[in-house]
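# Remarks on the overall topology
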Amino acid sequence: MYPLNQLRSLIPRCFFLSLLLPLSFFIFLSLKSTTFLNKPSIDTLKIRPGYTSYDNYIHHQLHKTTNPKLRQIWTTRDWDRKIRVFSQFFSDLKDKKLISNSSKSLCVGARVGQEVEALKRVGVWDSIGLDLVPYPPLVIRGDFHYQPFDDETFDFEFSNVFDHALYPEKFVGEIQRTLKVDGVCVLHVALRRRSDKYSANDLYSVEPLVKLFDGSDFVYSRKVDGFGLDTEVVFRKRKPIQRS
């Protein structure tokens, strides 16, 4: 048995330890959780292997874009449905004041131009699409790695084909080059599912896009349901810093 005076001094110590041990365990778990959450993402943008040359890449992309059955589907069964969904997306962007009826707009990788038609239907009349295969009058011929437009041409650019870019830095660089200062770019990308066999890269987070858009401010990202693409990412081109 402990003497009474030792018991009196021991009780506060035991009480203090009873508080300290759970607190220490909680801090340990919190640190583990924080370390896990803040751990830098690795390989969140991967280029798919297998292309022996740029011509080989272009040929592979054209195999899908020129497929007669797919083009028939895009211009018939899918036509109204996609225009309706794109119109909802663009109307939401108008409500957010990210585009207006006066915005000169480009849809990058537009195929047969449902998104271009949708922009026109919500009032953004000065809109055009770009794709390897033209679809007049909505889509002109061009390679999104080398846009055939002058610097600072557009107020707004939209694309849902980032996954088809063999050179993502070039894809983004051309968008930033052809956007006007304060212009807006909206991308629809897939983060939670892998894209189709014609994709040239796989994206696993928004972080690589933020780094690639080094001349623009990140506005927001949100979850969407856009024909297999689950995330909308928005950037606004900032004024370049003048160096004396």
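Residues numbered from 1 in each chain as written. Predicted model: local features only at pLDDT ≥ 70, side-chain atom pairs only at ≥ 80, totals over all residues. Heavy atoms only, no water.

This next bit is on the overall build of the chain. Of the regular secondary structure elements, the chain holds seven helices and nine strands. Buried residues in the chain amount to 44% of all 244 residues. The long-range share in the chain, meaning contacts at least 24 apart out of those at least 6 apart in sequence, stands at 66%. Carbon together with sulfur atoms contributes 58% to the accessible area of the chain, which is approximately 14200 Å² in total. (Helix = DSSP H or I, 4+ residues; strand = E, 2+ residues; numbered from the N terminus. Buried < 20%, exposed > 50% of the residue type's maximum accessible area, 1.4 Å probe, protein only. Contact = heavy atoms within 4.5 Å. Areas by Shrake-Rupley, 256 points an atom, 1.4 Å probe, with all protein chains shown as cover.)

In this model, helix α4 (residues 79-95) (17 residues) spans 24 Å end to end at C-alpha, consistent with the 24 Å of a helix rising 1.5 Å per residue. When α4 is considered as a whole, its buried residues turn out to be Trp79, Lys82, Ile83, Val85, Phe86, Ser87, Phe89, Phe90 and Leu93. Packed against the buried residues of α4 are α3 (68-75), α5 (114-121), β5 (154-159), β6 (179-189), β8 (216-226) and β9 (229-237). (Expected span 1.5 Å × (residues − 1).)

The next subject is the nonpolar core. Of all hydrophobic cores here, the largest spans 29 residues; its most connected members are Phe162, Phe171, Leu187, Val189 and Leu209. It is β6 that contributes the most residues to this core, four residues altogether. Contacts of Phe171, omitting those with residues within four sequence positions, involve Val108, Phe144, His145, Ser159, Val161, Phe162, Ala165 and Leu187. Ile83, Val122, Val186 and Val224 belong to the second-largest nonpolar core, a separate cluster that totals 27 residues. (Core = buried A, V, L, I, M, F, W, Y, C linked by side-chain atoms within 4.5 Å.)

Before going further, it helps to spend a moment on the side chain of Thr231. Within the element layout of this structure, Thr231 appears in strand β9. Of note is the side chain of Thr231, whose polar atom sits 2.7 Å from the side chain of Asp230. Not counting residues up to four positions away in its chain, the partners in contact with Thr231 are Leu187, His188, Val189, Leu191, Arg192, Val206, Ser221, Arg222, Lys223 and Val224. (Polar contact = N/O pair within 3.5 Å; in protein donor to acceptor, adjacent residues only side chain to side chain.)

From the geometry alone we can't say anything about function, so treat these as descriptive.
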